[in-house]
Amino acid sequence: MTDGIIQKPQFNIEEFSKKSEDFYNEIRDKLETNYKDKYIALDFETKEYWFGDIPSDALLKAKKKYPDKIFYLIQVGSPTAFSIQSISSVSFLKKKCYDNRGRY
Amino acid sequence: MTIEGDIDSNNTLWVKLDVIGEAGKKTMPVFIDTGFSGELAIPLQIAVPLGLKLSGAATSRLADGAEIRQMLFSAKISWGTQKRPVTVHVMPGDVNASIGCALLHGYVLHADFENKQLIIKEPHVDEPTKPNNKMG
């Protein structure tokens, strides 16, 4: 048995997301002019980013350079990276699998 | 490359996938969720023993407009005769695994609800190739 999917137990998803979104907002105009609807993997620490037509394309490019880093994914021009229409917040939060510090 | 699947009595579209993590592999039925813009979503109890590697985070919008933060994981799946990397959403609760529209990007989805036949193929490909991903 493995220790499962918990690879980064101290990872704070809220703080990570906010810093990543701040970086995205710095480069938003340039990206939305030239790369609308592409997926982008952001690294706010190095200020680098990688594009792809689908999420895994962008993440694979980022992982090729930094195999151990975690990246924030956005769809350029969209307020969120993903849409999940088969589940609502009520049912999701009822089954919530990470705590309020973003830990699984 | 052609993948064959099934359409059940509720008209839900299903294919069978091998999902491969750092610690194991599991063959599972997944339904095609056209309301999901990601690649693969699997329940937590299946994801844990597979040892999926944390690769990112993202914000997702749910059916009622609420936005949630989610961690993203990496896995590989069988996709026709290929193995391909995917980004995985791990879902809470007892839900069915599903694939979303990003995984179908670049493919043709042919759903024959009259004859309950499902085919996913690359554009301009007519001949099925083994193995298929039919259920059962």
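If you're wondering where the values come from, they're calculated on a predicted model, not measured in any experiment.

**Describing unusual backbone geometry**
All names here are of chain B. With phi around 65°, Asn11 is a residue other than glycine that occupies positive phi space. Here Asn11 lies in the loop between β1 (2-7) and β2 (13-20). A positive phi angle, near 55°, is found at Lys116, a position not held by glycine. Checked against the element boundaries, Lys116 lands in the loop between β9 (108-112) and β10 (117-121). A relative accessible area of 32% means that Lys116 is categorised as partly exposed.

**A few points about the pattern of salt bridges**
In this structure the tally under the stated criterion is 13 salt bridges over all chains. Taking the shortest distance from any N to any O, the salt bridge between Glu26 of chain A and Lys47 of chain A comes out at 3.5 Å. Remark: Lys47 of chain A occurs in the loop between β1 (39-43) and β2 (48-52) and Glu26 of chain A occurs in helix α1 (residues 13-34); sequence separation between them is 21 residues. Among the residues examined, Glu26 of chain A registers a relative accessible area of 55% and is labelled exposed. Between Glu32 of chain A and Arg28 of chain A there is a salt bridge whose closest N-O contact spans 3.2 Å. Residue Glu32 of chain A and its partner Arg28 of chain A are located together in helix α1, separated by four residues, close to a single helical turn. Ionic contacts of the salt-bridge type, sharing partners, join the residues Glu14, Lys18 and Glu21 of chain A together with Arg69 of chain B into one network.

**A short note on α1 of chain A**
Most pronounced at Ile27 of chain A, the bend in α1 of chain A amounts to some 65°. Burial in α1 of chain A covers these residues: Ile13, Phe16, Ser17, Ser20, Phe23, Tyr24, Ile27 and Leu31 of chain A. At its buried positions, α1 of chain A is contacted by β1, β2 and β3 (71-75) of chain A together with β5 (53-62) and β6 (67-79) of chain B.

**Structural notes on the interface of chain A and chain B**
Contacts between the two partners involve 48 residues from chain A, matched on the other side by 45 residues from chain B. Carbon and sulfur atoms supply 65% of the area buried between chain A and chain B, which totals about 4,000 Å² over both sides. With its nearest N and O atoms 3.3 Å apart, the salt bridge here joins Arg69 of chain B to Glu14 of chain A. The tally of links between chain A and chain B comes to 19 residue pairs in polar contact (both at pLDDT 80 or more).

Parameters and conventions
- Residues numbered from 1 in each chain as written.
- Chains lettered and ligands numbered in written order.
- Predicted model: local features only at pLDDT ≥ 70, side-chain atom pairs only at ≥ 80, totals over all residues.
- Heavy atoms only, no water.
- Helix = DSSP H or I, 4+ residues; strand = E, 2+ residues; numbered from the N terminus.
- Buried < 20%, exposed > 50% of the residue type's maximum accessible area, 1.4 Å probe, protein only.
- Salt bridge = Lys/Arg side-chain N within 4 Å of Asp/Glu carboxyl O.
- Bend = angle between axes of the 7 residues up to and from the residue.
- Contact = heavy atoms within 4.5 Å.
- Buried area = accessible area lost by both parts, 1.4 Å probe.
- Polar contact = N/O pair within 3.5 Å; in protein donor to acceptor, adjacent residues only side chain to side chain.

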